[in-house]
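Structural overview
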Amino acid sequence: RNSIKYLQPLNIYIKSHFSISSLVDDFNYLEHDVPFSDYAVIEPDYEALLDVRSMRRLSKILKMGVFSALRCLKKINSNELDGIITGTGLGCTADTLAFLENMISREEHLLTPTAFIQSTHNTLSGTLGIMLKNHGYNMTWSQRYFSFYKALEDGISRIRQNSGQQYLIVGADEMPGKVESIIDGMSECGDQVWTEGAASFIISKNGQVGDIQIIDASIKKTDGLKLDKYNTQNTFLVNANPNLENSITSLSGINISRLLGNIFVNDAIALAFACKLFVEIKFDFNYNRVVCFGGDATNTSIIIIQKQQ
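The structure contained in this document is the topic of the report that follows. Keep in mind the model is a prediction, meaning the values are calculated, not measured. (Residues numbered from 1 in each chain as written. Predicted model: local features only at pLDDT ≥ 70, side-chain atom pairs only at ≥ 80, totals over all residues. Heavy atoms only, no water.)

**Quick look at the nonpolar core**
Quick reminder of the rule: For the purposes of this section, nonpolar cores are sets of buried Ala, Val, Leu, Ile, Met, Phe, Trp, Tyr and Cys residues that join through side-chain atoms within 4.5 Å. Think of it in three bands: with a 1.4 Å probe and only protein chains considered, a residue is buried below 20% of the maximum accessible area for its type, exposed above 50%, and partly exposed in between. By definition, any uninterrupted DSSP run of H or I lasting at least four residues is a helix, any uninterrupted run of E lasting at least two residues is a strand, and each is numbered from the N terminus. Whether two residues touch is decided by their heavy atoms; if any such pair falls within 4.5 Å, the residues are in contact.
Judged by nonpolar contacts, the single largest core of 42 residues is most densely connected at Ile 203, Val 290 and Ile 305. Sorting elements by how many residues they give to this core places helix H10 (residues 266–279) first, with 10 residues. When neighbours within four sequence positions are excluded, Ile 203 is seen to be in contact with Ile 12, Tyr 13, Ile 14, Leu 152, Gly 155, Ile 156, Ile 159, Gln 165, Gln 166, Tyr 167 and Ile 169. Judged by nonpolar contacts, the second largest core, of 27 residues, contains Met 55, Leu 58, Cys 72 and Leu 132.

Here it is, written out as structure tokens:
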């Protein structure tokens, strides 16, 4: 196959990862003919990590984001973070909807503040900061299909600039039924299945054998992107950009976009899936490197990882 010259490795390592999505827990979907009829998120047992009383106050995006983050921290058995960075395309849509409905029903009088307070896009990062008692860098990125990518890029940049050694990166979005029905009624949104999910990662400056190393992260124009140049002998492709589906079918990879529906953090789910290929595989996986594609019709995000030897 072709060969590609990669940039100097970033020397950034993924110490742990966890995702919540519509993908099943085993890897049967690597067989391209496996049918999927719905995109329902496979939710974990939240009570395993979250207090039952606290859960009542958390919307779905907060439960997914917080749970996935706590699972990551539990894997490394440490809460030492230099910052928390989240990416979300839509933010807390359930609380936004609740606040608007409350405003209408009460005719803008005597509104309860809780839904408004929890409706902002940075609610997840703020909640994590409070729960983890972390007083470090706390940032939220919201840029549609590149929300998680920008959060990851921010964490990578800060580590490379010696502004910390370890960061929690979270991508999450929710899609309440009422919001989905509103979107379905908007012709300009097209005929898409809107879904939800979350994925969290601990990235660090320090790596060891067995860790997953981030080789490169970039954004390129979708039009004319030559995927075959990434199709090297030891590379597997994970595509979460529906605009690239036709281009990847003949290559060594899989389209998970068709399994996830439309979600602004598809790239986060794709990266978590790629990490699972290295550490949780249940089949013969003979690839040393995985390239993850996300983004939209205009631009494609590309994240390249490999297993640290």
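So, next bit.
**Details of unusual backbone geometry**
Phi is positive for Asn 77, close to 55°, though the residue is something other than glycine. With respect to the element layout, Asn 77 can be found in the loop between helix H2 (60–76) and strand E2 (83–87). The phi torsion at Arg 144 lies on the positive side, around 50°, for a residue other than glycine. Within the secondary structure, Arg 144 sits in the loop between strand E3 (137–141) and helix H6 (147–160). Residue Arg 144 is classed as exposed on the basis of its relative accessible area, which comes to 52%.

**Thoughts on the pattern of salt bridges**
Put simply, the rule reads: What makes a salt bridge here is a side-chain nitrogen of Lys or Arg within 4 Å of a carboxyl oxygen of Asp or Glu, nothing more.
Counting across every chain of the model gives 6 salt bridges. Ionic pairing is found between Asp 51 and Arg 53, a salt bridge with its closest N-O pair at 3.4 Å. Accessibility expressed as a relative area gives 61% for Arg 53, which makes it exposed. Ionic pairing is found between Lys 178 and Glu 101, a salt bridge with its closest N-O pair at 3.0 Å. Taken as a pair, Lys 178 in helix H7 (residues 177–184) and Glu 101 in helix H3 (residues 93–105) lie far apart in primary sequence, 77 residues in all.

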